[in-house]
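Results of the structural survey
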Amino acid sequence: MSTSKRGFVESLWEFFCSLKLSIVLLIGLALTSIIGTVVPQGNIPPEYLQTISEAKFKLYQSLSFFDMYHSWWFMLLLYLLTVNLVACSIKRLPRVWKMVSEPQLVMEDGLEKSLANTYEFKVSGDEAAQKEKLKGFLRAEMGEPVVTEKDGATHIFVQKNPWCRLGVYVVHLSIIVIFVGALIGSFFGYKAFVNIVEGTSVDTVFTQKEKPIKLDFAVMCENFSVSYYNTGAPKEFKSILTVLENGQPVKGYEKIPVIVNDPLTYKGITFYQSSYGQAGEGAAYHFNLRRRGGGEAVHLDLKKGEAATLPNGAKLEVLESTQDVRQFMPEFSGPAAKVSLTSPGKAPESFVVFKNHPEIEEQRGGDVFIQYLGADEKLYTGLQVAKDPGVWVVWSGCALMVIGIIMAFFMSHNRVWIRISGGRAVMGGTASKNPAAFEQKFESLVEKLKKL
Amino acid sequence: MNAILFYSTIAVYLLAMIAYLAYLAKPSESLGKNARRLITAGFIIHIVFTLDRYIEAGHTPITNMHESLSFFSMSVVGVFLFFERRFKILVLGSFVTPVAFLLLAISAIFPTALKPLNPALQSKWLLVHTVVAFFGYASFAVAAGAAAIYLIQENLLKKKRLGGIFQRLPSLNTLDEINYRCLTLGFPLLTVAIISGAIWAETAWGTYWSWDPKETWSLITWFIYAALLHGRLTTGWRGKKAAILSIIGFFVMLFTFLGVNLLMSGLHSYK
């Protein structure tokens, strides 16, 4: 019983230590990840049912394909990879650590035969002086040498970057750190959204599932604006935000411009420029109207959704409006409104009036000249709101990963020994990586040694 | 000016390709030297073109298909020249120059007009993220090139056709070594590209990872190359197996670069 139990534990341990498992898991993660790039993630059921049958929908739903990156089986793969990573590291680290902390100081015959690079040479004259000379040579070329006397032979050993052998384990650790950071974020953080109308403030944001989250401060949108390139493409979306505590602006957080790629963070909660729109209600449009060919101008204030009757009996209504028409008509700029004018006994006609381009209205003809003065309609800014206390853990993990990768891929543990006994010496060398480059280095060492 | 530089690059790459293919058919030292001179000259003109476009646009010129394909082509040549210098294998150029020429020719099909940057792309991370990503892609492309030659050589060896072309292509060991060295360059670059992308996403979209198709496919690519590198640690995955997997990895990478942009909608679809 106990042997079979130990046998089971042991084989379980061996299973988790195996590199084959790592490869299977990595390829498994790669293949399953494809699903979520083909099946749209996080839509509402009716949207899915428009494109797939109900049977398929139910099947996909039971397999969590609609939120697969958070499904139990995808998480299981990630946890298995973590366990595998830890087990592999625990199994192999002690041996590597020993190599780093207790270097092989002497080069015996067995080691010498296993080395790809060796060079034998004569040592003549005073042996003690020769040893000092060789020691000095290695010190100048590689670093501080260690001298060991063993069985009548002198071994001089020098190494470079022994700790780079730990690079792989630093990378493994970094992956675990990133996972921990992601878990902290998912347990203690949230992603939410909020719309703030210009001139108003909010203290509650909403998650994707419309769950309200109350903040212990408020955010006010002083102003929102969009600027455009000459082509009509948007150049910048900008909200001016002020943080309020108990209704009072917080010092240092007043009138902060927030644009895409430059968010505002207060008390660990970050606000990102994400969208915008017209607040709609309460907007009023201003016009000056006059008869063509003279007459006094009449001022008209028109509310959204209302039609005004003009002195000549015609009806005027605003269909849509914009603060900057350039995005729709790159050749024009400034505020514009699309209006519908219904003269008595005629079909309604609709056209655009521009604040900055009265000449267009001049060309239109017709009974009434409509001068558009602009609107005092308000915009709202749409902000993505995120709280993620794990993000710094994730960044530390990323930094660790870069360091580990530099150690593991771009540094090599180089070792060189010189053994001196009985008037003869052998130099041997090996590198943990890039044998071709080390061979060249070893050859240049030999050349320098010959000239010594 | 910019267009002249662009078409000059295409022309020089075409000449280099012809020279390299002629070298493959009938190797001679002078032909090899000239082929190398041509591709080096083309590379320099390509760099000047890219810098010129950078100055003209006022931002890193890797923001649409035309610019991306052109930069990809340039990185492939850059990585090739780097390894050619190290391993002294001219014949690799016979396989790399057609790819570089083709990429650049395809890039000419896409609209070349300079467009101002949309707000999401106005970030200092644009430069680091895209340049690192493309040099990573290029390393994987050269790795796949070496892997393809490996498979040809292996096939010739199996059929015992050891004359002509077999003699002109590098040895299996050298090809395996080049393949491995390219992977050990491409994988770190891909890692840095993903991390810099995560940092950028955090500042632009409020989350460092959102399983957007581009993010997911770059992670899939990362998983595959991570598996390949681990497979190489066990002796069984050298040579043929590694060659096949690095070619698969290359196609996955191509999908990450092109397929996601052209076929899937998401935050990265700059067509």
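Remember, it's a predicted structure, so these values are computed and weren't measured experimentally.

Attention shifts here to the overall build of chain A. Scanning chain A for helices and strands turns up 11 helices and 21 strands. The C-alpha radius of gyration of chain A comes to 38 Å, more than 25% above the 22 Å expected for a compact globule of 452 residues. Its C-alpha atoms give chain A principal-axis dimensions of about 120 × 65 × 45 Å. Per-residue burial over chain A gives 41% buried out of 452 residues. When the accessible area of chain A is evaluated, it comes to approximately 24500 Å², of which 58% is carbon and sulfur surface. Across chain A, the mean location of the 48 positive side-chain charges is 8 Å away from that of the 45 negative side-chain charges.

This brings us to empty space enclosed by the protein. Residues and elements named next belong to chain B. Counted according to the given criterion, the structure contains three cavities of 30 Å³ or more. Empty space within the second largest cavity amounts to approximately 50 Å³. As for the second largest cavity, its lining consists of Phe49, Thr50, Arg53, Pro61, His66, Glu67, Ser70 and Phe71. The set of elements that each furnish at least two residues to the lining of the second largest cavity consists of helix H2 (29-57) and helix H3 (65-87). Partitioned by chemical class, the residues of the lining of the second largest cavity number three nonpolar, three polar and two charged.

All names here are of chain B. Examined at the domain level, chain B breaks down into domain 1 (1-112) and domain 2 (121-271). Contacts between the two partners involve 24 residues from domain 1, matched on the other side by 33 residues from domain 2. When the two sides are added together, the surface that domain 1 and domain 2 hide from each other amounts to roughly 2600 Å², 87% of it contributed by carbon and sulfur. On inspection of domain 1 and its partner domain 2, the count reaches zero salt bridges. Among the elements of the structure, helix H1 (2-25) and H3 are those that each provide at least two residues to the side of domain 1 that touches domain 2. In terms of residue class, the side of domain 1 that touches domain 2 is made up of 18 nonpolar, four polar and two charged.

Moving on, we come to unusual backbone geometry. All names here are of chain A. Its identity as a non-glycine residue notwithstanding, Asn261 has a phi of 75 degrees, on the positive side. Position of Asn261 relative to the elements: it lies in the loop between strand E9 (256-259) and strand E10 (264-266). Look at Asn434: it is not a glycine, yet its phi comes out positive at around 50 degrees. Mapped onto the fold, Asn434 is located in the loop between strand E21 (424-431) and helix H11 (435-451).

Quick look at the confidence of the model for chain B now. Residue and element names in this part refer to chain B. Across chain B, the average pLDDT comes to 90, with 96% of residues at or above 70. Mean pLDDT values over the elements of chain B span from 78, in helix H6 (residues 164-168), up to 95, in H2. Scoring of the predicted complex yields 0.85 for pTM and 0.91 for ipTM.

It is worth spelling out the interface of chain A and chain B at this point. Taken together, the contact between chain A and chain B spans 42 residues of the former and 45 residues of the latter. Taking both sides of the interface into account, the surface hidden between chain A and chain B amounts to around 3500 Å²; carbon and sulfur atoms contribute 74%. At the junction of chain A and chain B, the tally comes to zero salt bridges. Of all the secondary-structure elements, those providing two or more residues to the side of chain A that touches chain B are helix H2 (19-38), helix H8 (167-188), strand E7 (234-245), strand E11 (269-278), strand E19 (379-387) and helix H10 (391-410) of chain A.

Another aspect to go through is the side chain of Ser139 of chain B. Residues and elements named next belong to chain B. Position of Ser139 relative to the elements: it lies in helix H5 (residues 125-158). Here Phe135 takes part through its backbone oxygen, which lies 2.8 Å from a polar atom of the side chain of Ser139. Residues contacting Ser139, with those up to four places away along its chain left out, are Val79, Cys182, Leu185, Gly186 and Leu189.

This part covers the sheet that holds strand E16 (residues 336-342) of chain A. Residues and elements named next belong to chain A. The four strands lie next to each other as E14-E15-E16-E17, forming an open sheet whose pairing is antiparallel. Because the sheet does not close on itself, it has two edges, and the strands there are strand E14 (307-309) and strand E17 (349-354). Taking the axes of each pair of neighbouring strands and ignoring which way they run, one obtains an average angle of 30 degrees across the sheet.

Moving on, we come to the pairing of strand E5 (residues 201-207) of chain A. Regular strands have side chains that alternate between both faces of the sheet. All names here are of chain A. Relative to E5, strand E4 (residues 190-197) runs antiparallel, the two sharing two bridges. Within the sheet, the bridge partner assigned to Ala192 lies in E5 and is Thr207. In sequence, E4 turns back onto E5 through a hairpin of three residues, with Gly199 there showing a positive phi of about 85 degrees. For E5 and strand E6 (residues 212-228), the ladder comprises five bridges, and the chain directions are antiparallel. Considered in E6, the bridge of Val202 is made with Val219.

Among the nonpolar cores identified, the biggest contains 115 residues, and Phe74 and Met401 of chain A together with Tyr13, Ile39, Phe72, Leu92 and Trp222 of chain B are the most heavily contacted of them. Not counting the four nearest positions on each side in its chain, Phe74 of chain A is found in contact with Leu29, Thr32, Ser33, Met68 and Tyr69 of chain A together with Trp211 of chain B. In this structure, Val219, Val258, Leu264 and Leu379 of chain A belong to the second largest nonpolar core, which totals 26 residues.

Moving on, we get to the packing of H3 of chain B against H5 of chain B. All names here are of chain B. Where H3 meets H5, the axes come as close as 8 Å, and the angle between the chain directions of the two elements is 55 degrees. Our classification of the angle between H3 and H5 gives oblique. Two packed elements cross with a definite hand, and for H3 against H5 that hand is right-handed. Along the contact surface, H3 presents Ser68, Phe71, Phe72, Ser75, Val76, Val79 and Phe80, while H5 presents Val131, Phe134, Phe135, Tyr137, Ala138, Ser139, Ala141 and Val142.

Below, the discussion takes up H5 of chain B. In this model, H5 of chain B (34 residues) spans 49 Å end to end at C-alpha, consistent with the 50 Å of a helix rising 1.5 Å per residue. Backbone geometry just downstream of H5 of chain B places Lys160 of chain B in the positive-phi region, at approximately 60 degrees.

Here the focus is the domain arrangement of chain A. In terms of domains, chain A is made up of domain 1 (3-95), domain 2 (103-161 + 412-450), domain 3 (174-280 + 380-400) and domain 4 (284-377). A separation of 49 Å is found between the C-alpha centroids of domain 1 of chain A and domain 2 of chain A.

All names here are of chain B. Contact geometry of helix H8 (residues 213-233) with helix H9 (residues 240-263) gives a least axis separation of 9 Å together with a crossing angle of 170 degrees. One way to sum up the angle between H8 and H9 is to call them roughly antiparallel. Every residue of H9 that contacts H8 at Pro213, Lys214, Trp217, Ser218, Ile220, Thr221, Ile224, Tyr225, Leu228 and Arg232 is listed here: Ala242, Leu245, Ser246, Gly249, Phe250, Val252, Met253, Phe255, Thr256, Phe257, Val260 and Asn261. When its residues are assigned to classes, the contact of H8 with H9 shows 14 nonpolar, six polar and two charged.

Calculation notes
Residues numbered from 1 in each chain as written. Chains lettered and ligands numbered in written order. Predicted model: local features only at pLDDT ≥ 70, side-chain atom pairs only at ≥ 80, totals over all residues. Heavy atoms only, no water. Helix = DSSP H or I, 4+ residues; strand = E, 2+ residues; numbered from the N terminus. Rg over C-alpha atoms; globule rule 2.2 N^0.38 Å. Buried < 20%, exposed > 50% of the residue type's maximum accessible area, 1.4 Å probe, protein only. Areas by Shrake-Rupley, 256 points an atom, 1.4 Å probe, with all protein chains shown as cover. Lys, Arg positive; Asp, Glu negative; His and termini not counted. Charge placed at Lys NZ, Arg CZ, Asp CG, Glu CD. 1 Å grid on protein atoms, 1.4 Å probe; cavity = no way out; pocket = protein on both sides within 12 Å on 5 of 7 lines; lining within 4 Å. Points joined across faces, edges and corners; volume = space filled by probe spheres on them. Nonpolar A, V, L, I, M, F, W, Y, C, P; charged D, E, K, R; others polar. Domains from an automatic or database assignment. Contact = heavy atoms within 4.5 Å. Buried area = accessible area lost by both parts, 1.4 Å probe. Salt bridge = Lys/Arg side-chain N within 4 Å of Asp/Glu carboxyl O. pLDDT = per-residue confidence, 0-100. Polar contact = N/O pair within 3.5 Å; in protein donor to acceptor, adjacent residues only side chain to side chain. Pairing = 2+ DSSP bridges. Axes fitted to C-alpha atoms, helices over the stretch in contact; angles between N-to-C directions. Core = buried A, V, L, I, M, F, W, Y, C linked by side-chain atoms within 4.5 Å. Parallel < 35°, antiparallel > 145°, perpendicular 65-115°, else oblique. Left-handed = near helix turned anticlockwise from the far one by under 90°. Expected span 1.5 Å × (residues − 1).

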